[in-house]
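# Report on the structure
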Amino acid sequence: MMLSRLSIQPANPLDALLSVAQVERALAGHDYRLRFSPQAERRRIEFEHFPSMIQSFEQHRHANGLPPTQIAFVAGFESDYQHTRSELFTADVRAATVARLQKAYPSLVRDLHLYLLCNESNRFASVQRGIHLDEFYGVDVLIRDQTTREFYICATAGTRDANDWRTLKQQQRNTRRPERAQLRGTIIELPLTVRPKKIVGDWWLYAPAHVAYIAEQMERAR
């Protein structure tokens, strides 16, 4: 099934400065250690409509293209929205907001790493990512093959919690903008668990085997 062609600009020009090796070296370092607040905190506002987390993530990347650290991401989000969404940072809610941001952060980094992994593989005619693609369609990477067919990669950690959260986000997106929820193309679900993951420091990342899986699914769609 074919998608109408979409013009998706890169999420950030800094993508061109990065390589998979650079990201993995950074994630192995102390600055990129992960910390999570108790789940009960996050659950308090799990179903609230949040401002754009990916937009804050992209705005606070380093000048060399590397993603912000988890601490910098949380601080950047608060700086971006403390006036327009002040209710998220009141004394009784802020801890829950921080917990939700901490939980969302690894997937943002993992999606960037996946994009770089696909791009460097040279298996595909083009690989793109974009804020619009993510926010309005719930898709993390757009891949075109040599015949310009389009494939939408939906990345997830593959855990029960991650799957529940993805379902919730899709339902909210469909409710807010139903005309944008109807994707007409080939969607490839990519749970991290579908192939052996790569472990770097505190991180669970996609590996070349996942890129091969994408290529296999694209071939089967012919």
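Data block above holds the structure.
This report concerns the structure included in the present document. (Residues numbered from 1 in each chain as written. Predicted model: local features only at pLDDT ≥ 70, side-chain atom pairs only at ≥ 80, totals over all residues. Heavy atoms only, no water.)

### Thoughts on the packing of aromatic side chains
According to the stated counting rule, one finds six aromatic pairs in the structure shown. Between Phe57 and Phe73, the ring centres sit 6.3 Å apart and the planes meet at 70°, which makes this aromatic pair edge-to-face. Pair noted here: Phe57 is in helix α3 (residues 53-59) and Phe73 is in helix α4 (residues 70-81), with a separation of 16 residues, a long-range link. With a relative accessible area of 0%, Phe57 lands in the buried category. A centroid spacing of 4.8 Å and a plane angle of 50° characterise the contact between Phe77 and Tyr81, whose relative ring orientation is tilted. (Phe/Tyr/Trp six-rings, centres within 6.5 Å; stacked < 30°, edge-to-face > 60°. Helix = DSSP H or I, 4+ residues; strand = E, 2+ residues; numbered from the N terminus. Buried < 20%, exposed > 50% of the residue type's maximum accessible area, 1.4 Å probe, protein only.)

### Digging into the pattern of salt bridges
With the rule as written, the count across this model stands at eleven salt bridges. Between Arg129 and Glu58 there is a salt bridge, with its nearest N and O atoms 2.6 Å apart. With Arg129 in the loop between β1 (126-128) and α6 (131-137) and Glu58 in helix α3, this pair connects stretches of sequence that are 71 residues apart. Its relative accessible area of 5% is what places Glu58 among the buried residues. (Salt bridge = Lys/Arg side-chain N within 4 Å of Asp/Glu carboxyl O.)

### So, the sheet that holds strand β4 (residues 186-191)
Taking strand neighbours across the sheet as the criterion, the four strands line up as β1-β2-β3-β4 in an open arrangement whose pairing is mixed. At either margin of the open sheet sits one strand with a lone partner, and together these are β1 and β4. Here the strands of the sheet are splayed against their neighbours by 25° on average, with no regard to which way each runs. Summarising the sheet, strand β2 (residues 141-144) and strand β3 (residues 150-156) pair through four bridges and their orientation is antiparallel. Bridge pairing links Leu142 to Tyr152 in β3. Across the sheet, helix α5 (residues 94-121) is in contact with β1, β2, β3 and β4; its angle to β1 comes to roughly 170°. The strands touched by helix α8 (residues 208-220) are β2, β3 and β4; relative to β4, the strand with the most contacts, the crossing angle is about 155°. (Pairing = 2+ DSSP bridges. Axes fitted to C-alpha atoms, helices over the stretch in contact; angles between N-to-C directions. Contact = heavy atoms within 4.5 Å.)

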